[in-house]
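Structural overview
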Amino acid sequence: MRYKITDMRNYLSLLLVVCTFHMLSCDRQDLTIDQERERILRNGAEFLRNNYDFSLFNAAIKLVGLDETLRDSEGSYTIFAPTNAAFNAEGIEFPSDFEKMDRDSLRFMLEYHILPTAVYLNDIGYGQADQLQENLTGRYLHLARGLKQWENIEPPFYVNGVESKIANNNVNLSNGVLHGLDNVLKYQPGTVREYLENLPDHGLFVALLKHFDYWNRIDDGEIWTIFAPTDQALIARGLTAEEIPNLNPADFHVDILLKGYVHSRQHILRSDLTVVDHLGGALREPSPGGGYVISLDDRGFSLSGPVPGVSNFTFIRMATFSGINQNNYKADNGVIHALSGMVIYPDEARRQ
Amino acid sequence: MKRSRQKMKVIPYSLLLLPLCLLLVNSCRKTEYRTVDSPAYIRIFNSLNIPVNVVNKDDPASFLCLFIDPEFDENGHPIGGLMEGDFLDVRARYASPNPTHVGVSNSPYNPEFPGKELYPTAPILNGYDLTNWAQISSGKRRFLFMHRPRNTEPFAELNPNMVSVCVDTTINLAEGEIYTMHVLLENFEKKTTTLYARQESFHKQPFADTAAYVNFYNLSSEGFWSSPYKGIGDRGTSMEAGIPDIVNVFFSHVSTTENENGQEVHAYIPGYTKNYIGTLTRDISGTRVTPYYGFPIFMREGETIHTKSWQFLQFFAPSMRGLEQSFRQGNINYPPRVDIRQHNSFYNEYVYLELTDNPRPESNVNMRTPVERLTLPNLLLNVHSGRNNPQTFGSVSSIEYINGFVYLTTIQRTFPAPIYE
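All values reported here derive from a predicted model rather than from experimental measurement.

Focus on the pattern of salt bridges
- Taken as a whole and judged by the stated rule, the model has 32 salt bridges over all chains.
- Among the salt bridges present, the one from Glu177(B) reaches Lys204(B), with a minimum N-O distance of 2.8 Å. With Glu177(B) in the loop between strand E7 (164-173) and strand E8 (178-187) and Lys204(B) in the loop between strand E9 (192-199) and strand E10 (211-218), this residue pair connects regions lying 27 residues apart in the sequence.
- For Glu177(B), a relative accessible area of 12% puts it in the buried group.
- Each of the salt bridges in this network shares a partner with another, and the network as a whole consists of Glu46(A), Arg49(A), Asp67(A), Glu68(A) and Arg71(A).

Let's talk about the packing of aromatic side chains
All names here are of chain A.
- All chains considered together, the criterion is met by 26 aromatic pairs over all chains.
- Judged by centre distance (6.0 Å) and plane angle (25°), the ring pair of Phe-108 and Tyr-187 falls under stacked. Here Phe-108, found in helix H7 (residues 103-112), pairs with Tyr-187, found in strand E9 (residues 186-187); they are 79 residues apart in sequence, far enough to count as distant.
- Overall, Phe-108 belongs to the partly exposed group, its relative accessible area being 24%.

Focus on the nonpolar core
- In this structure, Ile42(B), Phe113(B), Phe143(B), Phe145(B), Phe216(B) and Phe315(B) are the most contacted members of the largest nonpolar core, which totals 56 residues.
- Inspection of this core shows a minimum of three residues originating in each of domain 1 (34-204) and domain 2 (210-421) of chain B.
- In contact with Ile42(B), not counting residues within four places along its chain, are Ile68(B), Phe113(B), Pro114(B), Asn132(B), Trp133(B), Ala134(B), Ile136(B), Phe143(B), Leu173(B), Tyr179(B) and Met181(B).
- By size, the runner-up hydrophobic cluster in this structure holds 41 residues, among which are Leu257(A), Ala331(A), Ile336(A) and Val343(A).

Considering the environment of Asp37(B)
All names here are of chain B.
- Relative to the elements of secondary structure, Asp-37 occurs in the loop between helix H1 (2-26) and strand E1 (39-46).
- According to the relative accessible area criterion, Asp-37 is exposed, its value standing at 59%.
- In the structure, Asp-37 is positioned 101 residues away from Ser-138 in sequence and 8.1 Å away in space, judged by C-alpha atoms.

Quick word on the environment of Leu339(A)
- Here Leu339(A) shows up in strand E16 (residues 334-339).
- Remark: the alpha-carbon pair of Leu339(A) and Phe227(A), spanning 112 residues in sequence, is separated by 6.4 Å.

A look at the sheet that holds strand E5 (residues 134-137) of chain B
Residues and elements named next belong to chain B.
- Read from one edge to the other, the open sheet built from four strands follows the order E5-E1-E8-E9, with strand pairing classed as mixed. The open sheet terminates on both sides in strands that have one partner only, identified here as E5 and E9. Adjacent strand axes in the sheet meet at a mean angle of 40° when their direction is disregarded.
- The pairing of E1 with E8 spans six bridges and is classified as parallel. Note that in E8 the partner of Tyr-41 across the bridge is Ile-178.

What to know about unusual backbone geometry
Residues and elements named next belong to chain B.
- The linkage connecting Phe-113 with the following residue, Pro-114, adopts the cis geometry, with an omega of 5°.
- Summarising the element assignment, Pro-114 is placed in the loop between strand E4 (94-95) and E5.
- Residue Asn-389 is joined to Pro-390 through a cis peptide bond whose omega torsion reads 0°.
- With respect to the helices, strands and loops of the structure, Pro-390 is situated in strand E19 (residues 388-393).
- With a phi close to 60°, Lys-191 is a non-glycine residue in the positive phi region.
- Relative to the elements of secondary structure, Lys-191 occurs in the loop between E8 and E9.

About the criteria used
Residue positions within a chain follow its written sequence, with the count starting from 1. Chains carry letters and ligands carry numbers; both start at the beginning, A for chains and 1 for ligands, and go up in the order they are written. Local features in a predicted model are, by the rule used here, given only for residues with pLDDT of at least 70; side-chain atom pairs are given and counted only at 80 or more, and totals for whole chains, interfaces and linings are based on all residues. Only hydrogens and water are set aside when side-chain values are computed; all heavy atoms of the structure are taken into account. Just to be clear on terms, a salt bridge is a Lys or Arg side-chain nitrogen sitting within 4 Å of an Asp or Glu carboxyl oxygen. Elements are defined by DSSP. Helices are runs of H or I of four residues or more, strands are runs of E of two residues or more, and each kind is numbered from the N terminus. Each residue gets one of three labels from its accessible area relative to the maximum for its type: buried under 20%, exposed over 50%, partly exposed in between, using a 1.4 Å probe on protein chains only. Pairing of aromatic rings covers Phe, Tyr and the six-membered ring of Trp, with a centre-to-centre limit of 6.5 Å; geometry is then stacked below 30 degrees between planes, edge-to-face above 60, and tilted otherwise. Definition used in this section: a nonpolar core is a set of buried Ala, Val, Leu, Ile, Met, Phe, Trp, Tyr and Cys residues joined via side-chain atoms within 4.5 Å. Domain limits in this description derive from either an automatic procedure or a database domain assignment. In what follows, a contact means two residues having at least one pair of non-hydrogen atoms within 4.5 Å. A strand pair is defined by DSSP finding two or more bridges across the two strands. To obtain an axis, a line is fitted to C-alpha atoms, over the contacting stretch when the element is a helix, and the angle between two such axes runs from 0 to 180 degrees between their N-to-C directions.

Written out as structure tokens, the structure reads:
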């Protein structure tokens, strides 16, 4: 028995020696996975062509000839590609729908979605709202990412307030990176007033602003956020095209009726709820002593503030956003979001 | 048979010797200590402390990468230099006297420079522990601060389009001198930035070991106090409105004892209550060390080693001149929950600050908004030293008020190491 133990010890010693040599003899060359991946990466045009989820975006890209640009192996691009669902929400169902559009406008819209440099998710800061990046049209896109609060959960990533889902972004390409988008980016060169006038569903709101002499307050030299109730919302409160000219501005507290919808010096994107508010940033009109506080959440826009004769400061009402894609309309000096209701009704703002 | 077994025994042991030798050789290390010739000592804070809000969200992040004497690539993008400090975050409220940042955090974000960066630190100078200061060769040095996105990607790997210059300046550092530097917002409206460099003098002043000293700075931006957009600083504390560019500082000392029921009782120390100690003026030129106010360490009755006394600071605008002594807010034992926004008459004119390690429960004043009191650590340091646990030491501290936030930097003299029994 004693001999057996000694034998075992000898074998164990030998095993230790073998193990030591085995460890020391390990070849520690770098793994070559990176090189393998390099070969299978596709360029931007190829990736779009082979991805069913972006077939509408691909059709548009091809139509205006941008696919040649995205095939350029020397270049470096960031493609913010709206999914087919995003185009469907805009009423674009088939590739042929693009053919009805003005080619130059379509090209401008597509170039608005592409940056001439590769911006990976890792390049974007946490808890930062507007990380401006110039796109192919020379305009700036607002990249935002929520605050990282938990180690294993990546906060959402937004472009001009539109979310790019984690499962759909940071796709490596041989000539850049692609981020899928849940909505089409909406931008019109010019002022926020021009954009508002061109939007189909806000004619009555524009008429209301003009009638109460609020339209000229929206100075083109400043930055604005406009929460614009839809025509339907105004009609529901009796503000029809016939009725608005009959209203006498002197009978109303005009600021109470309209101030909540028009905010100067700030351009609030839908994503700012996640990115700015959680950091203690105030989504409010800063006027100490009697300002309105506006709060954004996933549902819409709510207003708190002084109600004459009732309270110094109270929650007033919430107006929900109209549709998932009728917001983040970006002009050169601001943003417009459509609301499906009013926060102060005309009767509540009427002088007693 | 027995012989062969013995042979077997000898062979493995000699074979074992070989890996042991290999491991021995592999474990050798040569340490080259870094030395800095004719050093100056620097400590840098990122004090771009305006929180992100709807008005300023376009601004680059207040998250910096520092290059000292930078080197650039062919595109003019900084790639290194004499010293580099990446992930420089907005400073913490309290800069403690010991190097707390190294080794106790798994975040790469650095609340000060050198902080977590591994550069040779300053030696003990005239008895002061200066491990929070880095050594740097004296002379003209270029300081380049770059804005960078707030994430964990090293600066060198970021897309160069995502970074921008914050401050680029040259400072002449004198040998053996101590500098405290801040990256500051110079003008609140124009959003210009600057590097503030203060040449410290505490190590040259005849300070007593048995007293504590504190001075004050207002490093706020021009136009901050009068801006309608300032109400975004220390929200929910009396600091929200900030303090005017000129304020009078009143200092009180509070003793803490226990009554017969074992409850803590706080009382102003007679003769050291609401003492005017100076006027604080906004100044970001960095050319001046403000006068230190010294006070004795008030030991507890019957004790010579330890005290629980703490300090109460009040900042009054000159417009409140004459009202300071009669100004009452609750009882020092039950500090009030003051929402300064509800006190319109004092908004912008009065701010208080408690310097205590044990913030007390607040009295229940009927206020709609929950408000936290503004508290910073005590200027008297209670630490384990020798056989005394705790022992109270005085410190040399600076209270810096910057754009609605108040910061405390404490420097301690070296003290006998704790003895555990």
